[in-house]
Amino acid sequence: MALALEQNDKIRDIVDGKRVITKKPELLAPAGSLEKLKVAVHYGADAVFIGGREFGLRSNADNFSIDEMREGVEFANQYGAKIYVTTNIFAHNENMAGLERYLKDIESAGVTGIIVADPLIIETCRTAAPKLEIHLSTQQSLSNWKAVQYWKEEGLHRVVLAREVGGEEMKMMKEKVDIEIEAFVHGAMCIAYSGRCVLSNHMTARDSNRGGCCQSCRWDYDLYELEDGEEKALFDDNHASFAMSPKDLKLIEAIPHMIELGIDSLKVEGRMKSIHYVATVVSVYRKVIDAYCADPDNFKIKREWLEELDKCANRDTAEAFFHDAPGSEEQMFGIHGRKTTYEFAGLILEHDPETKMVTMQQRNYFKPGDEVEFFGPEIENFRLTMGEIWDEDGNSLDAARHPLQIVKFKCDTPLMPHNMMRKENN
């Protein structure tokens with residue numbers, strides 16, 4: 001237990017008679033594009049994970065070229081943030097070509113590390129790009145401390161735990177092994193064990209473990225049983241169709257527990273999500289982490305944080321495996337959950353303090369008379385009833401209806417570039 005005591009001493013201290021957390025965990029955010037990367041960092045992420053155009057598991061994301069990685073790194077460096085690249089496919093023979101060159105290019109772009117599942121890529125990285133940190137992907141289904149010890153002895157810098165690992169198991173891992181541990185705290189869950197799904201391969205010939213998942217677990221199915229050689233429907237038109245998707249993960253209320261355990265990186269899932277989703281989730285978890293670390297003994301989860309997360313959620317949520325094995329109530333068998341309560345309406349480009357005129361890039365339809373809400377890392381959320389709207393040339397508009405249209409309107413409250421405007425769904 002000596003290691004555990006040493007780690008606990010590093011986690012907390014007494015400052016001016018008050019207990020504070022001295023080891024603040026990394027907040028790790030997803031970014032499926034360069035725009036999302038910049039939003040994640042601007043809204044408070046300590047690090048961002050991205051996918052390159054090869055060897056990753058999100059083939060439908062706007063994955064990064066090497067030049068875009070370099071630009072992302074330069075932007076992140078201004079905020080002291082890090083960039084990790086997912087190279088987490090399980091490689092087949094035909095996937096091996098170009099691996100050394102690719103890893104060298106990632107290293108030259110200034111990326112901090114790679115997230116990897118395949119021992120081939122791990123071994124290749126050691127020789128081809130030795131400056132890169134190597135983080136074990138959740139695809140390896142890491143769920144016991146002996147396996148954590150194995151990967152430490154293999155020289156890895158960090159392990160990303162299986163989503164099926166609970167809090168007590170995390171505690172033992174931190175007590176037994178001195179290695180960085182990364183755990184998911186928010187986002188989609190896979191019905192298969194750590195994403196090792198073959199339904200997609202079987203139904204669409206798209207390999208989940210080589211970036212092609214078609215999310216077949218979320219489809220609607222009709223269920224039948226065989227009775228005397230004939231199919232008998234288990235559901236009729238009055239029943240919801242069957243699906244097998246788990247609820248999304250939301251561990252905001254468990255963050256204090258995870259901090260006290262010494263978890264090194266708290267990971268948000270969602271490289272395919274919108275910039276509104278990334279901004280909202282990152283900003284809320286940033287506030288929770290900072291508030292708890294500053295004054296853990298008087299910390300309370302604020303209702304407004306929970307309400308804020310609901311403004312970008314489009315599925316029901318649960319704590320999955322953190323406290324116990326999930327039951328049927330954590331699944332979405334035939335239930336598609338609620339819709340997003342708010343929609344992203346615009347991205348602020350400029351606010352003139354003299355004229356109070358706001359220049360904004362429209363992202364969803366809105367019109368004069370709509371009640372809207374503004375949020376961002378530099379401001380407190382506030383609402384406004386939208387007044388007159390103008391286009392770039394000063395022409396009055398009856399609505400902002402064209403995607404990415406540049407519009408102008410007046411707002412007395414100061415706004416900053418990259419603040420966002422959203423509108424409640426009717």
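Note that the structure is predicted; figures quoted are calculated from it, not measured.

Peer 1: Just checking my understanding: could you explain the overall build of the chain for this structure?
Peer 2: Assigned secondary structure in the chain consists of eleven helices and 24 strands. A sequence separation of at least 24 residues applies to 68% of the contacts in the chain between residues at least 6 apart. Of the roughly 20,200 Å² of accessible surface on the chain, 48% is carried by carbon and sulfur atoms. In the chain, 51 side chains carry a positive charge and 72 a negative one; their mean positions are 3 Å apart.

Peer 1: Before we go on, may I ask you to explain the sheet that holds strand 17 (residues 342-351) in this structure?
Peer 2: Strands belonging to one sheet form pairs held by backbone hydrogen bonds; the direction of such a pair is parallel or antiparallel. Read across the open sheet, the eight strands follow the order 20-19-24-17-18-23-21-22; overall the sheet is antiparallel. In this open sheet, the two edge strands, each paired with only one partner strand, are strand 20 (379-385) and strand 22 (396-397). The pairing of strand 17 with strand 24 (residues 420-424) spans five bridges and is classified as antiparallel. Along strand 24, the bridge assignment pairs F344 with R422.

Peer 1: Quick question: what am I supposed to make of the environment of P368 here?
Peer 2: Mapping P368 onto the fold places it in the loop between strand 18 (357-362) and strand 19 (371-376). Judged by its relative accessible area of 32%, P368 is partly exposed. Separated by 43 residues in sequence, P368 and C411 place their C-alpha atoms 13 Å apart. Excluding its chain neighbours within four sequence positions, the residues that come into contact with P368 are M386, G387, I389, L397, D398 and A399.

Peer 1: Help me understand a negative patch on the surface in this model?
Peer 2: Together, D220, D222, D236 and D237 give the surface a local cluster of negative charge. With respect to the element layout, D222 can be found in the loop between helix 8 (199-204) and strand 10 (224-227).

Peer 1: Would you mind going over unusual backbone geometry with me for this structure?
Peer 2: With glycine set apart, most residues show a phi of negative sign, and most peptide bonds adopt trans. One non-glycine residue, D16, lies in the positive phi region at around 55 degrees. Turning to its location among the elements, D16 is positioned in the loop between strand 1 (12-15) and strand 2 (18-21). For L404, which is not glycine, the phi torsion reads 65 degrees and is therefore positive. Looking at the element boundaries, L404 is found in the loop between strand 22 and strand 23 (406-410).

Peer 1: Looking at this structure, I do not really get the UniProt feature "domain: Peptidase family U32 C-terminal" (unreviewed entry) in the chain. What am I missing?
Peer 2: Here the UniProt feature "domain: Peptidase family U32 C-terminal" (unreviewed entry) sits at residues 341-422. End-to-end, the C-alpha atoms of residues 341-422 are 10 Å apart, and along that stretch the chain is 0% helix and 51% strand.

Peer 1: Just to check I follow, could you spell out helix 7 (residues 167-176) for this structure?
Peer 2: An α-helical turn contains 3.6 residues, so a residue and the one three or four places further along point in the same direction. Among the residues of helix 7, G167, M170, M173 and K174 are the ones counted as buried. Seen from one end, helix 7 has its buried residues packed into an arc of 115 degrees, which puts them on one side.

Peer 1: Explanation requested: the nonpolar core in the structure shown.
Peer 2: What tends to happen in soluble globular proteins is that the nonpolar side chains get buried as a cluster. M69 and M258 are the most contacted members of the largest nonpolar core, which totals 95 residues. Top contributing element to this core by residue count: helix 10 (residues 275-294), with twelve residues. No fewer than three residues from each of domain 1 (10-188 + 246-330) and domain 3 (340-422) sit in this core. With sequence-adjacent residues up to four places away left out, M258 is seen in contact with M170, A183, V185, L251, I263, L266 and F322.

Criteria and cut-off values
- Residues numbered from 1 in each chain as written.
- Predicted model: local features only at pLDDT ≥ 70, side-chain atom pairs only at ≥ 80, totals over all residues.
- Heavy atoms only, no water.
- Helix = DSSP H or I, 4+ residues; strand = E, 2+ residues; numbered from the N terminus.
- Contact = heavy atoms within 4.5 Å.
- Areas by Shrake-Rupley, 256 points an atom, 1.4 Å probe, with all protein chains shown as cover.
- Lys, Arg positive; Asp, Glu negative; His and termini not counted.
- Charge placed at Lys NZ, Arg CZ, Asp CG, Glu CD.
- Pairing = 2+ DSSP bridges.
- Buried < 20%, exposed > 50% of the residue type's maximum accessible area, 1.4 Å probe, protein only.
- Patch = residues over 30% accessible without salt bridge, like charges linked within 9 Å, V, L, I, M, F, W, Y side chains within 5 Å.
- Salt bridge = Lys/Arg side-chain N within 4 Å of Asp/Glu carboxyl O.
- UniProt positions renumbered as here; feature names shortened; annotations may be inferred.
- Arc of directions from axis to C-beta.
- Core = buried A, V, L, I, M, F, W, Y, C linked by side-chain atoms within 4.5 Å.
- Domains from an automatic or database assignment.

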